[in-house]
Every structure is written in C-alpha cells, then in structure tokens.
Amino acid sequence: MKYQAYTRHNYLKIPKIKKLGKDRIHAIEVVSSVLPFKTNNYVVNELINWNAFENDPMFILNFPQKEMLEKKHYDRLSEMIQKGTDKSDLLQFVNKIRLRLNPHPAGQLEHNVPVLNGQRLTGIQHKYRETMLFFPSQGQTCHAYCTFCFRWPQFTGMSELKFAMKQTELMIRYLKQNREITDILITGGDPMVMNASILGKYIDAVISADLPNIKTIRIGTKALTFWPYRFISDPDSEEILKLFEKVADQGMNLALMAHFNHYQELSTGAVEEAVFRIRGTGAQIRTQSPILRHINDDADVWATMWKQQVDLGMIPYYMFIARNTGAQAYFSVTLEEAWKTFKNAYNQVSGICRTVRGPSMSSGPGKIQVQGVADVKGEKVFVLNFLQGRIPEWVGNPFFAEYNPSAIWLSDLKPAFGENQFFFEKEYNKLLKIDKLPGKKLQEAEKQSA
Ligand SMILES: *Cc1c(COP(=O)(O)O)cnc(C)c1O
Ligand code: SF4
C-alpha cells in the first residue's frame, strides 16, 4: 500500500469525512490551528470504525476534538476563524494558547540536555544514568499524530522548541565519555519515518564506534499503529529488516519500543505481519502507552491489549500517566483511577503479561509509579515508588503522599504524615540549583583535563 498523509490542508479529501458533519469539521479546523493534526490512508481506512466514530478510540487518537481546547480559547478562535481574521493576528493568538499548554513538561529543555566542550547537544537527552535519548533530525515527525502527544510543539513549527541533532560524531563522542550508558534510545517524533539509509547511518555509527558498553539500541516508534507497511511493502522495508538483523548479528539487542494505546491497533493483518517480520530479525518488541480518558480508561481494554500483545510475541513494558502538557485536561485520569485501572487489568492477566509496570509519571525527578492507595494507621495515603530516578539510588524506595482523590500529577501531591518534603526533594532541588546534571559533570571534567 502507498502512504498518503492527510493534514489540515487536505483532510477534506478523506472519502468518509462528510460523515463528520459541518460542526465537527469546523472543530477540526479550529483545534488543528493550535495542535498538530495528521492522519493517513491506513488509519482512516483500516483502523477507524466510521460507523461509531464519535466514541471510536482510533478516531479520538487522531482527529482533533473540540474539547481538547479550553472553552474560552476555542470560542474565541472559532470566532476569529469564522470572521476571516488575518493570518498574523490569528497566529499570535494561537501561539499564546500554545505557550499556555506547557510545551516543555518535566524540564526537558533546561535539565536533560548535556553539554560537550561547552556546546549544548540539543539532539540528546541524558536523564537516567544508563540510557541516552537521541533525537535524529530526520526523525522528528510521525506517520500520523496522536492528539495527546507530549512532543506536539515539534510538529507545530514552534521551531525554538525543537530537539534535533544532525551530528552523529558529537553523539559518539558523548557516548565515549559516558561509559555508564548501556542503552541508546533513538526517538522522535518517530525514527521509523526515516528511510533505511539514514537510520542505517546512525546505527552503523554506533556499531562501528567501538563502544563495548552499549548493549541495546532501542527505537521508539508508533509505526506499528500508524504505518505497519513500513515493515512490509515500503520500497526500503527489506533494508530496514536487514538493518535490524545487523544489530543482532553484532551481539547487541535491538528493542523496538512500540507505542500502542488500544487493542484496536492490533486488529489488522498488516500489524500482525509487521510484528512477525520484525521478530524474525531477532529484534524484541516492547510496548507502552499512557492511560487516556476517551481512549483507554478501562481495565478490560488494557487486559485485552496486553494479552493480544503477548500472543503476538511482544512484551508489555510501561503504562504511563498522561503528561501535563497539551490537551491534558481532556485526556487526564486521576492518579487513583490510573492505579485502579492498572490493578484491575494487571490482576486479570497471566504472569507473562505482568512485565508491564505502572502507572508511572515521567516527572522532573524521575518516573514515579503509583503503587496504590493504602490505609496506614487511619491515614489514607498514596504509595509511590521511583521506577527511574535522576539519582539512581532513589529507585525502589517506597514513599508516601497524602491521599488526594482529584490529583492528576505529582505537582498535586503533598508528603503524607505531616512531613514537609518528599525524601528526594532536598537532593533534587540542589541538583536543579547547581545544575549538576550529566552534561554539566562532563563539562567540569573536561575543564579539569584541559
Ligand atoms: C523513560 C525514559 C527513559 C528510559 O527509561 P527505561 O525505564 O529504561 O525504559 C530514558 N530517558 C528518559 C528521559 C525517559 O523518560
Ligand atoms: S507517535 Fe509519538 S511522537 Fe508521534 S504524535 Fe504520537 S505520541 Fe507524538
């Protein structure tokens, strides 16, 4: 099948689009002027159930919904668009809304970007000791856009908010100087939008750089949902699979970190075939998703999804809590609901599916899991735990927050039992102040050796 993208400029050509009616089409117009919108022929023809599109998880995953903007913003924009307001005035208001949608949650820009020889490596994030994120500049788009995406600013042309990197050489130098790194996570956007030769160049650079510490190359992708033909019938599909094989032949692991939000994404022959082909290369596929209202806020959906993934030979990995950015208000579930959904899904599947961990908040200090709500001597508390920490020693220490039924993020939580700080806060604040983060440390080391 040949890939055909639909964006706000040509989506009216989608054969079934008239089904939506005037009001919804106007809503797409309005919301997509703020948040990115892109879908494609596979999603539209094979994933969305047009007979019940209103509540269809795939429709909501891809098509902007009116409620994704605050009502007052929506109404004002809608009016401006109907009046034919000129472009620059419209864009000014649009950018004002965008900046209020917390485009960079969890300090991604300030705190995770390392420095090498005084140069900021803007295409790298290094937050957790073992794993370096790499954002190749050609992989910063996707085959379709998720309406909940926390990387949304990359797709809207707010260019100063882009992470991207062309210089492979700098990345390799950084890896050589940071030998504690065992995993490279190539991410985006979706790196699988890159053609085989470009992706191959990055991967070859890692393979041939004599980096015995690197054991795993991970690729974060939603291509299995948005374009499984990437691994089947694109002109370079065979080359992609050969590239995966090459990594395995080098004695490294290739892990495809596949994003699936609902079992409906596993329902086509194409996705089954793609998974089969990828696994045939020796690559592993691990799966992850945030929990999202209107899409998968239901334990049975998760249990079914994990079971089907395992049946196809994939490994469930993470359930995330929707980040505090973009249309979070539309998608968010409370921490308590997230935990209950996780628990009620987790306890109905076999141990083979219980490789999954969560629900987890990717916050400034680390990935924090909501282990549950407990009663400790009459005080109701959240039991929390770091699955990843800016300081590795934080991982695995249970800690407690006051129970708060409406909390949706770490920032809504207070320490339990009258404490005035969580156990990690003093250290974390110190880190932020002196900016003693991975790149900084490197910079200091360089100064000393210079
Ligand atoms: C999630 C994440 C990773 C990978 O963490 P794992 O628990 O090893 O999968 C790495 N870096 C950042 C910034 C992350 O958010
Ligand atoms: S595939 Fe990932 S990066 Fe791309 S739009 Fe979806 S969530 Fe965002």
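Keep in mind the model is a prediction, meaning the values are calculated, not measured. (Residues numbered from 1 in each chain as written. Chains lettered and ligands numbered in written order. Predicted model: local features only at pLDDT ≥ 70, side-chain atom pairs only at ≥ 80, totals over all residues. Heavy atoms only, no water.)

Below, the discussion takes up the site of ligand 2. In the vicinity of ligand 2, the contacting residues are Cys 142, Tyr 145, Cys 146, Cys 149, Phe 155, Gly 189 and Lys 222. Looking at the shell around ligand 2 residue by residue, the class counts come to five nonpolar, one polar and one charged. (Near = heavy atom within 4 Å. Nonpolar A, V, L, I, M, F, W, Y, C, P; charged D, E, K, R; others polar.)

Our next topic: the pattern of salt bridges. Charged atoms that come close allow side chains of opposite charge to pair. The final tally for this structure, using the stated rule, is 15 salt bridges. One salt bridge in this structure joins Glu 130 and Arg 129, with 3.0 Å as the shortest N-O distance. Between Arg 293 and Asp 297 there is a salt bridge, with its nearest N and O atoms 3.3 Å apart. Given a relative accessible area of 25%, Arg 293 falls into the partly exposed group. (Salt bridge = Lys/Arg side-chain N within 4 Å of Asp/Glu carboxyl O. Buried < 20%, exposed > 50% of the residue type's maximum accessible area, 1.4 Å probe, protein only.)

Let's shift gears to the nonpolar core. Phe 63, Leu 224, Phe 231 and Phe 244 are the most contacted members of the largest nonpolar core, which has 139 residues in total. Per-element tally for this core: the top contributor is helix 8 (residues 196-207), with seven residues. Beyond its immediate stretch of four places on either side in the chain, Phe 63 contacts Ile 14, Ile 17, Ile 28, Phe 37, Thr 39, Val 44, Ile 48, Trp 50, Met 68 and Thr 147. (Core = buried A, V, L, I, M, F, W, Y, C linked by side-chain atoms within 4.5 Å. Helix = DSSP H or I, 4+ residues; strand = E, 2+ residues; numbered from the N terminus. Contact = heavy atoms within 4.5 Å.)

The next point concerns the packing of aromatic side chains. Applying the stated criterion to the full structure yields 32 aromatic pairs. Taking the centre distance of 5.8 Å and the plane angle of 70 degrees together, the rings of Trp 306 and Phe 342 count as edge-to-face. Of this pair, Trp 306 sits in helix 12 (residues 299-311) while Phe 342 sits in helix 14 (residues 335-346), and the two are 36 residues apart along the sequence. Owing to a relative accessible area of 7%, Phe 342 belongs among the buried residues under this scheme. When the centroid spacing of 5.6 Å and the interplanar angle of 25 degrees are considered together, the rings of Phe 386 and Phe 399 count as stacked. Within this pair, whereas Phe 386 is found in strand 14 (residues 379-389), its partner Phe 399 is found in strand 15 (residues 399-402), the two being separated by 13 residues in sequence. Accessibility assignment for this pair places Phe 386 and Phe 399 in one class, buried. Among the aromatic side chains, those forming a connected cluster through ring pairs are Phe 386, Trp 394, Phe 399, Phe 422, Phe 423, Phe 424 and Tyr 428. A cation sits over an aromatic face here: Arg 76 above Phe 93, 4.5 Å from the ring centre. The ring of Phe 226 has Lys 222 lying over it, and the distance from NZ or CZ to the ring centre is 5.3 Å. (Phe/Tyr/Trp six-rings, centres within 6.5 Å; stacked < 30°, edge-to-face > 60°. Lys NZ or Arg CZ within 6 Å of the ring centre and 35° of its normal.)

Taken across its seven residues, strand 9 (residues 253-259) has five buried, putting it largely inside the fold. In terms of strand pairing, strand 8 (residues 216-221) meets strand 9 through six bridges, oriented parallel. Its bridge partner lying in strand 9, Gly 220 is registered against Met 257. The parallel pair strand 9 and strand 10 (residues 284-291) is bridged by helix 11 (residues 269-280), and the resulting crossover is right-handed. (Pairing = 2+ DSSP bridges. Right-handed = clockwise from strand over helix to strand, strands pointing away.)

Turning next to the sheet that holds strand 5 (residues 124-128). Spatially, the 11 strands line up as an open sheet ordered 5-6-7-8-9-10-11-12-13-14-15, and their pairing is mixed. Here the strands that pair on one side only, and so sit at the sheet edges, are strand 5 and strand 15. Each strand of the sheet is rotated relative to its neighbour by a mean of 30 degrees, with strand direction disregarded. For strand 13 (residues 366-376) and strand 14, the ladder comprises 10 bridges, and the chain directions are antiparallel. Counterpart to Gly 366 in the pairing with strand 14 is Gly 389. Where helix 8 meets the sheet, it contacts strand 6 (131-134), strand 7 (183-186) and strand 8, and its direction lies at approximately 155 degrees from that of strand 8. (Axes fitted to C-alpha atoms, helices over the stretch in contact; angles between N-to-C directions.)

Turning to the environment of Ile 352, a few remarks are in order. Relative to the assigned elements, Ile 352 resides in the loop between helix 14 and strand 12 (357-362). Sequence separation between Ile 352 and His 73 is 279 residues; the distance between their C-alpha atoms is 46 Å.

Okay, the site of ligand 1 next. Within the structure, ligand 1 sits among Lys 127, Tyr 128, Thr 131, Leu 133, Arg 218, Tyr 317, Tyr 318, Lys 367 and Gln 388. At 2.5 Å from an oxygen atom of ligand 1 is found a side-chain nitrogen or oxygen belonging to Tyr 318. Between Gln 388 and ligand 1, the recorded distance is 3.0 Å, taken from a side-chain N or O atom to an oxygen atom. Protein contact buries 88% of the 390 Å² of open area that ligand 1 shows by itself. Residue assignment for the shell around ligand 1 shows that the elements contributing at least two residues are strand 5, strand 6 and strand 11 (315-321). Tallied by class, the residues present in the shell around ligand 1 amount to four nonpolar, two polar and three charged. (Polar contact = N/O pair within 3.5 Å; in protein donor to acceptor, adjacent residues only side chain to side chain. Areas by Shrake-Rupley, 256 points an atom, 1.4 Å probe, with all protein chains shown as cover.)

Once that is clear, we can look at the packing of helix 7 (residues 168-177) against helix 8. For the pair helix 7 and helix 8, the least separation of the axes is 10 Å and the interaxial angle reads 30 degrees. For the element pair helix 7 / helix 8, the angle class is roughly parallel. For the crossing formed where helix 7 meets helix 8, the hand is right-handed. Between helix 7 and helix 8, the residues in contact are Thr 168, Met 171 and Ile 172 and Tyr 202, Ala 205 and Val 206, respectively. In terms of residue class, the contact of helix 7 with helix 8 is built from five nonpolar, one polar and no charged. (Parallel < 35°, antiparallel > 145°, perpendicular 65-115°, else oblique. Left-handed = near helix turned anticlockwise from the far one by under 90°.)

Right, let's get into the domain arrangement of the chain. How big an interface is tends to be reported as the loss of accessible area on association of its parts. By the assigned domains, the chain splits into domain 1 (5-100), domain 2 (105-352) and domain 3 (363-450). In this assembly, 27 residues from domain 1 lie in contact with 31 residues from domain 2. Carbon and sulfur atoms make up 66% of the surface buried where domain 1 meets domain 2, a total of about 2,400 Å² over both sides. Where domain 1 meets domain 2, there are 12 residue pairs in polar contact (both at pLDDT 80 or more). Secondary-structure elements contributing two or more residues to the side of domain 1 that touches domain 2 are strand 2 (38-40), helix 2 (41-47), helix 3 (57-62) and helix 5 (87-100). Along the lines of polarity and charge, the residues of the side of domain 1 that touches domain 2 split into 15 nonpolar, seven polar and five charged. (Domains from an automatic or database assignment. Buried area = accessible area lost by both parts, 1.4 Å probe.)

Its place among the elements puts Leu 185 in strand 7. With 53 residues separating them in the primary sequence, Leu 185 and Met 132 have C-alpha atoms 6.1 Å apart. When neighbours within four sequence positions are excluded, Leu 185 is seen to be in contact with Thr 131, Met 132, Leu 133, Phe 134, Arg 218, Ile 219, Gly 220 and Met 257.

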